[in-house]
Amino acid sequence: MVNPLFDRLFARHSGRGDPFLHLPDGSTMSYADFLGQAARIAHVLRDAGLQPGDRVAAQVEKSPQALALYGACAQGGFVFLPLNTAYTVDELTYFFEDSGAALIVCDAGQAAALAPIADRLGAQLETLNADGSGSLTGKAASRPDSFATVPRGPDDLAAILYTSGTTGRSKGAMLSQDNLLSNAETLADYWRFTARDVLLHALPIFHTHGLFVATNVTLVAGGSMIFLPRLDIDRMIAWLPKATTMMGVPTFYTRLLDDPRFTRDLVAHMRLFVSGSAPLLAETHIRFEERTGHRILERYGMTETNMNTSNPYDGERRAGTVGFPLPGVDLKVCDPETGAEVPTGEVGQIEVRGRNVFKGYWQMPDKTAAELRADGFFITGDLGIRDADGYVTIVGRNKDLIISGGYNIYPKEIELILDEQPGVLESAVIGVPHADFGETVLALIVAEPGARPDLEAVSAAARARLARFKHPRRLILVDELPRNTMGKVQKNILRDTYKDLFAEA
Ligand code: MLC
Ligand code: AMP
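Predicted, not measured: the structure shown is a model, and the values here were computed from it. (Residues numbered from 1 in each chain as written. Chains lettered and ligands numbered in written order. Predicted model: local features only at pLDDT ≥ 70, side-chain atom pairs only at ≥ 80, totals over all residues. Heavy atoms only, no water.)

A. Main features of the site of ligand 1. Near ligand 1 lie 23 residues; those nearest to it are Arg-255, Ser-277, Arg-299, Ser-404 and Arg-468. Within the contact set of ligand 1, an oxygen atom lies 2.6 Å away from a side-chain nitrogen or oxygen of Arg-255. The separation between an oxygen atom of ligand 1 and a polar side-chain atom of Ser-277 is 2.6 Å. Surface burial for ligand 1 is 73%, taken as the share of its 1,000 Å² of free accessible area covered by protein chains. Secondary-structure elements contributing two or more residues to the shell around ligand 1 are α8 (208-221), α10 (250-257) and β13 (297-302). In the shell around ligand 1, the residues fall into 10 nonpolar, nine polar and four charged. (Near = heavy atom within 4 Å. Polar contact = N/O pair within 3.5 Å; in protein donor to acceptor, adjacent residues only side chain to side chain. Areas by Shrake-Rupley, 256 points an atom, 1.4 Å probe, with all protein chains shown as cover. Helix = DSSP H or I, 4+ residues; strand = E, 2+ residues; numbered from the N terminus. Nonpolar A, V, L, I, M, F, W, Y, C, P; charged D, E, K, R; others polar.)

Written out as structure tokens, the structure reads:
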């Protein structure tokens, strides 16, 4: 019996004693040790009574053991549900409840807060800490280091990743084995990854970029990763000489460029730098080439679709563009109203179809039907142009979305909280240019007639309920919000008014 994702990404490497992970303290973890750890964890999950298809929700720091939990889920046929470490208890409660998670894995520091919620929802709870300790690995230590892989088919779910929605309610994107595997194989081939590659990995592993793009591509190729807990420029600079490739969101590249130790000599040996998750300014692309002689390869993807387009490996990597549709991906630029394709060179909404495109939103058939057409095209909400040479450029968004340092923030979720606060009549949350994060969150507040809302208290209410990266950097009291004749708030006017607030470093 087969389990395509586990067989192709993990099982192929069994018995390999060479490094899979290079760790910050200079030690390494071999493929064999990693697979042994994954197998031991798979035993713990099965012994806990989990059945194939059950959801395993994990809010854990980045560690080899956290990655092994992903491998364990693949091997045991469980659905992996990784969660941003910044999420608050409020946010987590929704994800656990909505997904019907059978098991919650969290840091020991969060266990007291999450245990009553797990109890209420009938979920089990295990801990896994940043140093790899915790009840999960404690139990795993005495289990066998091999596990009989559970058979799975290409359409079986491998993961659910939550992405926020324009209505303020997060949606669980259902990703099948084939969605993940086909995209990883395409990317490894397109970007020429081999077993000799050493990827500098400083991204979080709870989102598509760090988990499915970076990790799965490395696993397909059988290479290794320098596995750093987070973006730390000193460590990046210390480890770059040992790497062959790096992936990051644009903030990674602007921060490296801001450091004088990041020189042409330091990276002369590097094979490839990849950027994505947010727009890379053409200016950053050009500065990077001037400094290093390398052209960053920019690609474009989404949680729902994995990667859709990429600049070419050999051909011209064009600054400001996201390149061509990947092999196996159909891409159309369409009129948002009619869905008809627009002529070359004109702006439209991007739609994509292919094995990479997800199976729909978890238990939200209406939202799935609204975004995934019957013919398989997914409506991305991104506005783009395809030029005469076939290069795609993202020019904007047909969705109310802010991307800060590669994290997506849906204004509606914040506005709903602000609007509930005493003295607040209404609010508008917008993204404005930010020198470090690309965009950051600004909230405009309109007071109820005669009221003077305490902006510090309003801000505190948002802080208590939302992950740090979603907090408005500033709240500004305004007399009214600009509206069009239909009564819709004209956020473009607000974005223009406040565009210089955080633009300078
Ligand atoms: C951290 N903070 C952020 C933030 N990250 N605020 C806004 N936006 C962010 N992205 C908060 C911190 O909590 C801190 O709060 C303050 O901002 C400054 O922190 P920092 O030390 O500068 O943050 P740092 O730890 O360096 O993190 C910044 C970052 C990180 C850019 C390195 O956010 C990151 O790794 N982003 C990658 C996100 C990613 O992987 N996206 C892929 C999604 S998948 P305080 O209170 O201390 O001031 C996807 C599909 C695709 O989009 O195409 O790939
Ligand atoms: P997420 O929901 O986190 O998967 O984010 C997906 C969104 O990130 C896309 O819909 C785009 O708006 C944006 N995105 C990803 N890559 C790029 C890129 N290279 N350039 C511009 N926007 C991007």
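So much for the structure itself; the text now carries on.
B. Seen up close, the site of ligand 2. Inspection of the region around ligand 2 gives 15 residues, with Arg-299, Thr-303, Asp-382, Lys-399 and Asn-408 positioned closest. A distance of 2.8 Å separates a nitrogen atom of ligand 2 from a polar backbone atom of Arg-299. Within the side chain of Lys-399, an N or O atom sits 2.8 Å from an oxygen atom of ligand 2. In the complex, the protein chains occlude 92% of the 500 Å² of accessible area that ligand 2 would expose alone. In terms of residues, the shell around ligand 2 owes the most to one element, β13, which gives five residues. Split by residue class, the shell around ligand 2 holds six nonpolar, four polar and five charged.

C. Layout of unusual backbone geometry. Unusually for a residue other than glycine, Ser-277 sits at a positive phi of about 85°. Along the chain, Ser-277 turns up in the loop between β12 (272-275) and α11 (282-292). One non-glycine residue, Gln-363, adopts positive backbone phi at about 50°. Inspection of the secondary structure puts Gln-363 in the loop between β17 (348-353) and α12 (365-371).

D. Highlighting the pairing of β17. Counting buried residues along β17, five of its six residues qualify, which places the element largely inside the surrounding structure. Pairing of strand β16 (residues 330-334) with β17, which is carried by five bridges, proceeds in the antiparallel orientation. Residue Asp-330 lies in a different strand from β17, and its bridge partner there is Arg-353. Two strands pair when backbone bridges link them, and β17 and strand β18 (residues 378-386) are joined in this way by four bridges, in the antiparallel orientation. Bridging across to β18, Glu-351 finds its partner in Ile-379. (Buried < 20%, exposed > 50% of the residue type's maximum accessible area, 1.4 Å probe, protein only. Pairing = 2+ DSSP bridges.)

E. Focus on helix α14 (residues 455-465). Buried within α14 we find Val-458, Ser-459, Ala-461 and Ala-462. The arc that holds every buried residue of α14, seen down its axis, measures 155°, which confines them to one face. Turning to α14, the residues buried within the fold contact α13 (411-419), β22 (424-434), β23 (438-447) and β24 (474-478). Among the residues of α14, the N-terminal cap falls to Asp-454, whose side-chain oxygen and the backbone nitrogen of Glu-456 are separated by 3.0 Å. (Arc of directions from axis to C-beta. Contact = heavy atoms within 4.5 Å.)

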